[in-house]
Amino acid sequence: MAAVTYDTIIRNGRWFDGTGAPSAIRNIGIRGGHVVAISPHELDATGCPQVIDATDNWVLPGMIDIHTHYDIEVLGGPSLAESLRHGVTTVLLGSCSLSTIHVGGVDAGDLFGRVEAIPREYVISAVDEHKSWTNCGEYIAALESLPLGPNVAAFLGHSDMRTATMGLDRATRSEVRPSAAEQATMERMLTDALAAGFVGMSSQQLLFDKVDGETCRSRTLPSTYAKARELRRLKSLLRRHGRILQSGPDIANPLNLLSQLAQSVGVFRRKLKTSLLSAADVKANPYAIKIMGPSARLVARFGGDFRWQHLPVPFEVYADGIDLVVFEEFGAGAAALHLRDEVERNALLAAPAYRRRFRKDYENKFGVRVWHRDFFDAEIVGCPDADVIGKSFGQVGLDRGLHPVDAFLDLVLEHGPGLRWRTTISNHRPEVLKQMAREPGIQMGFSDAGAHLRNMAFYNSGLRLLRHVRDAEAAGTGFLTAEQAVHRMTGELADWYQLDAGHLRIGDRADLMIVDPSKLDERVDAYAEDTVAQYGGLSRMVNRNAGTVGAVFVAGRAVFLDDQPTPALGTVRTGSFLRAGQPTPAPATKGDLAHAG
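Please read these numbers as outputs of a predicted model, since none were measured by experiment. Residue positions are given per chain, counting from 1 as you read along its sequence in written order. Since the coordinates come from a predicted model, pLDDT governs what is reported: local features require at least 70, and pairs of side-chain atoms require 80 or more to be given and counted, while whole-chain, interface and lining totals use all residues. Only hydrogens and water are removed before side-chain values are computed, so all heavy atoms of the structure are retained for them.

Visitor: What am I meant to see in unusual backbone geometry here?
Guide: Most peptide bonds adopt trans geometry, and most residues besides glycine take a negative phi value. That bond from L277 to S278 is cis: its omega, -20°, falls within 30 degrees of zero. Assignment of secondary structure puts S278 in the loop between β12 (273-276) and α11 (292-301). Backbone geometry places N427, a non-glycine residue, at a positive phi of 60°. Put simply, DSSP marks the helices as runs of H or I at least four residues long and the strands as runs of E at least two long, and each gets a number from the N terminus on. Note on placement: N427 falls in the loop between β16 (420-426) and α17 (430-438). Three exposure classes are used, based on accessible area relative to the maximum for each residue type with a 1.4 Å probe and protein chains only: buried under 20%, partly exposed in between, and exposed over 50%. Judged by its relative accessible area of 2%, N427 is buried.

Visitor: It is not clear to me how the packing of helix α13 (residues 342-350) against helix α16 (residues 404-415) should be interpreted in this structure. Could you clarify?
Guide: Between two packed helices, what matters for the description is the angle formed by their axes and the separation of those axes. Where α13 contacts α16, the two axes come as close as 10 Å, and the packing angle between them is 155°. Classified by the angle between their axes, α13 and α16 sit roughly antiparallel to one another. Every pair of crossing elements has a handedness; the one defined by α13 and α16 is left-handed. Where α13 abuts α16, its residues N346, L349 and A350 lie against L409, V412 and L413. Of the residues in the contact of α13 with α16, the class split is 5 nonpolar, 1 polar and no charged. Simply put, an axis is a line fit to the C-alpha atoms, just over the touching stretch for a helix, and the angle between two N-to-C directions goes from 0 to 180 degrees. An angle below 35 degrees is read as roughly parallel, one above 145 as roughly antiparallel, one from 65 to 115 as roughly perpendicular, and any other as oblique. Handedness of a helix crossing follows the sense of rotation of the near helix relative to the far helix, less than a right angle counterclockwise being left-handed and clockwise being right-handed. Two residues form a contact once any of their heavy atoms are found within 4.5 Å. Note on residue classes: Ala, Val, Leu, Ile, Met, Phe, Trp, Tyr, Cys and Pro are nonpolar, Asp, Glu, Lys and Arg are charged, and everything else, Gly too, is polar.

Visitor: For this particular structure, what's the right way to read the pairing of strand β5 (residues 58-61)?
Guide: One face of the sheet, then the other: side chains in a regular strand alternate in exactly this way. Should DSSP find at least two bridges between two strands, the strands are taken to pair. Relative to β5, strand β1 (residues 8-15) runs parallel, the two being bridged by 2 bridges. Bridging across to β5, R14 finds its partner in W58. Across 4 bridges, β5 lies against strand β19 (residues 512-515) in antiparallel orientation. Each residue of the ladder has a partner; that of P61, found in β19, is L512.

Purely spatial values, then, with no claim about function.
Right under this line is the structure:
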């Protein structure tokens, strides 16, 4: 019987190594979860159980998603198939100060439920059912006991630490500071996380992210109450270990933004690697984007290491009724979202005084904001009243002789969550997207996957960027080469976050995807609906792009082939927890056992 030489051979694909180096037609041999051969010559397939013809296709390292909220979903649905199917083979958890390392189920529900639009009851049940850990090391072991699909890495959330240490009520009061013992506890938690291999800490100063539940409902996240001394001591630990602070500034406070930029600079101390939310070409302020790239370059010139996170596609949001996080940024919208009871909320929406307040907020164009507040730029895409579908709320107002706000609120009152609408709030100008894609201080890879289940779907944003790059090159208006674009979403991110991922060279872990570039077309823009089993069958928005991604491998195991999950996905562990600055062995496969024998 012939010896097995390779577990998988991928033939004749255009191979990208993730470094930005020129691509080339190559044959790739995989064994034991790693790439062991890359050759212009045909590889001996004797005894190889899987040979894939990648002629006219691209073979890329698996993409890295640097900003997800999969912390809850990974517990009950560790395959994380919605990202994997699009070639994302590594995801980062613990964004926006939120993680599940130290808090229990109820506190997790209060922290995640409203901010990330994951129904609170499912957050509570998931954490209560699965939580077996008390520290970061045990958390890693718990994740790796699950049949993980992709690799995961993680930030420790500041709001997680603060809530577990101080209690959610005290952690969300501006007059309360942690005691010396509580401060020491948070510092010990962060030190333990960094020793375990977490990439760093996430914090949040953005003031329209609100707490769910009853006791502390509508207060901002615990990390927003942290004062300078608390933050300084935690950041000093990150500096000492060379790890990363992910943060979101208070966009209404320019001094907060400036301090976030300045903190990265190492004057008489080590620099602080900082990743900030977010670089976006917002309709509400078309000039803000002009400072993003220059600010990062300025920080770098003074010795800092600063990056903006960026979603490299139009930021199109969908909403059912009034349930959309952008309403949190002004008083009338936040007042409606504060009310959980439908009867109470409807009474508020109908009240003349409330409507006057909403119109005043809507018409106030001053101040920093995310939503452009233009109901003429908001299309109704689903409603029991078919006559309004395809129209904007502004047009409905004109038809009915109403202010756009009254037209919107009338339809919400009449149809509730049966009213579905959409708008694009940022990244709407293709030429500006091209400029942002070239900026070294802007990171490609922000998707928010796992959150906002009913109003946005950016699981395939990497494919959409590749489509943009390919189309521009074909039109003679190229702004990145395909190799540069792949590098920006793979090796560049892996190197900055110090992760064993993002490259496809001999000796690297075989995390890869096979893409048919001829099918990077309109199908990558389409949205679909699918259910989430662990969230009670809740329907969420997803991407599909059938036929574009022919195969996805994690650690040498096929997890998707021809748009379908393989039997391995969700039944065996293919992904691993990636520890910052450390190589990660691939999980054992049948091929490993065969070679060992």
